[in-house]
Amino acid sequence: MTLRQEQAARPRRAARAERAGWSPAAERRLRVVAPIAVGLLGLAVWQFLVTVVGVSDYLLPSPEAILQQLVEFWPAIVQATIITGTNALVGLVVGTLLAILLAALASRWRAVDGMSAPIVASLAVVPIVALAPVLNSMFGYDSQFGRQAIAALAAFVPVFVNTLRGLRQTRPVHRDLMRVYAASGSETFRKVTLPTAVPYLMTGIRIASSLAVISALVAEYFGGPRGGLGTFIATSAATSAYARAWAYVAAAIALGLVFYLATALLEWLVLRRIPTEGTR
């Protein structure tokens with residue numbers, strides 16, 4: 001759901017809340033409190049399974065043991081998170097820029113659209129587990145480029161698909177109006193086509209942010225320089241340090257959330273400057 005669709009859905013949610021006897025403020029508080037309560041309940045059940053039921057540590061370490069490993073190996077976890085986050089960020093930026101460029105060309109020329117469709121479809125189904133060792137062999141096991149390239153490929157597809165769809169959303173009447181005003185093609189693109197496509201572009205970036213983190217993380221399992229969360233997760237699990245492995249998993253989850261929230265904030269900041277459909 002785009003931010004614009006989210007804004008359009010707010011009046012309907014407010015009406016449902018009023019019918020249920022809730023005020024809009026109470027509904028907003030509930031949307032914040034409910035996930036936190038569910039998370040705390042899940043941690044309590046987790047601790048109960050380990051301490052009372054007796055689930056083995058190699059199956060499910062306790063939250064307390066994981067927290068101890070987080071504190072003990074905090075410097076190493078932070079360093080590994082920086083490495084994985086850097087690879088994911090580089091891949092996200094490069095993949096986004098290439099996707100925007102190709103989507104703009106595909107929306108402009110039908111020949112480019114026809115040629116890009118099978119390429120994008122092929123990239124969408126490329127298995128990371130097969131591509132990562134190949135790229136590590138090509139560019140050397142002391143280079144981070146292979147991991148960054150995989151993150152870029154993962155980010156490219158959703159950004160391209162959403163951007164291309166957005167570039168095709170311009171209404172013919174708007175194009176005709178710009179033509180009547182004797183606007184050039186670049187002016188029409190800059191003032192009409194691009195603003196219409198921006199919400200779709202931002203949605204693609206928000207989706208791609210999580211995919212870039214996941215892809216960079218998975219790529220670290222298959223060689224390359226030592227470092228990164230994926231490498232330490234695999235190493236910790238192989239040496240039976242299961243609580244430590246889960247500590248690195250927790251850091252990976254936090255990294256993914258940071259990327260998602262950062263792109264969601266960017267989407268909100270950008271779209272608040274664009275008039276909604278009802279104000280045009």
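Keep in mind the model is a prediction, meaning the values are calculated, not measured.

Enquirer: Just give me the short version of the overall build of the chain, but keep the residues and values in it.
Expert: In terms of regular secondary structure, the chain is built from 11 helices and 0 strands. Counting helices and strands in the order they occur from the N terminus, the chain gives α-α-α-α-α-α-α-α-α-α-α. When the 280 residues of the chain are sorted by exposure, 37% land in the buried category. Look at the contacts in the chain between residues 6 or more apart in sequence, and 73% of them connect residues 24 or more apart. Accessible surface for the chain amounts to roughly 16,000 Å². Of this, 68% is attributable to carbon and sulfur atoms.

Enquirer: A description of the packing of aromatic side chains should follow, citing residues and the corresponding values.
Expert: Overall, the coordinates contain 3 aromatic pairs when judged by the stated rule. With a centroid separation of 5.5 Å and 65° between ring planes, the pair formed by tryptophan 46 and tryptophan 246 is classed as edge-to-face. Residue tryptophan 46 is found in helix α2 (residues 24–53), and its partner tryptophan 246 is found in helix α11 (residues 242–271); the two are separated by 200 residues along the sequence. Tryptophan 246 sits in the partly exposed class, given a relative accessible area of 33%. On the numbers, 5.7 Å between centres and 15° between planes, the contact of phenylalanine 156 with phenylalanine 160 is stacked. Note that phenylalanine 156 and phenylalanine 160 are positioned in helix α7 (residues 145–167) at a spacing of 4 residues, about one turn of the helix. The exposure classification of phenylalanine 156 matches that of phenylalanine 160, with both residues buried.

Enquirer: Run through the pattern of salt bridges, naming residues and quoting values.
Expert: According to the stated counting rule, one finds 1 salt bridge in the structure shown. Here glutamate 267 makes a salt bridge to arginine 206, at a shortest N to O gap of 2.6 Å. Of this pair, glutamate 267 sits in helix α11 while arginine 206 sits in helix α9 (residues 185–219), and the two are 61 residues apart along the sequence. Each member of the pair, glutamate 267 as well as arginine 206, is classed as buried.

Enquirer: Provide a residue-level description of the environment of alanine 208, including the pertinent values.
Expert: Of note, alanine 208 is situated in helix α9. According to the relative accessible area criterion, alanine 208 is buried, its value standing at 0%. Through-space distance from the C-alpha of alanine 208 to that of valine 159 is 6.7 Å; in sequence the pair is 49 residues apart. Look past the residues within four positions of alanine 208 in its chain and what remains in contact with it is Leu92, Ala155, Pro158 and Val159.

Enquirer: Residue-level account of the nonpolar core, with values.
Expert: In terms of nonpolar packing, the biggest core is built from 42 residues, with Phe160, Leu229 and Tyr248 touching the most fellow members. For this core, the secondary structure elements donating two or more residues are α2, α3 (63–72), α4 (74–108), α7, α9, α10 (229–238) and α11. Core analysis: the next-biggest nonpolar cluster, separate from the first, contains 6 residues, Leu131, Leu135, Ala149 and Ile150 among them.

Conventions and cut-offs
Residues numbered from 1 in each chain as written. Predicted model: local features only at pLDDT ≥ 70, side-chain atom pairs only at ≥ 80, totals over all residues. Heavy atoms only, no water. Helix = DSSP H or I, 4+ residues; strand = E, 2+ residues; numbered from the N terminus. Buried < 20%, exposed > 50% of the residue type's maximum accessible area, 1.4 Å probe, protein only. Contact = heavy atoms within 4.5 Å. Areas by Shrake-Rupley, 256 points an atom, 1.4 Å probe, with all protein chains shown as cover. Phe/Tyr/Trp six-rings, centres within 6.5 Å; stacked < 30°, edge-to-face > 60°. Salt bridge = Lys/Arg side-chain N within 4 Å of Asp/Glu carboxyl O. Core = buried A, V, L, I, M, F, W, Y, C linked by side-chain atoms within 4.5 Å.

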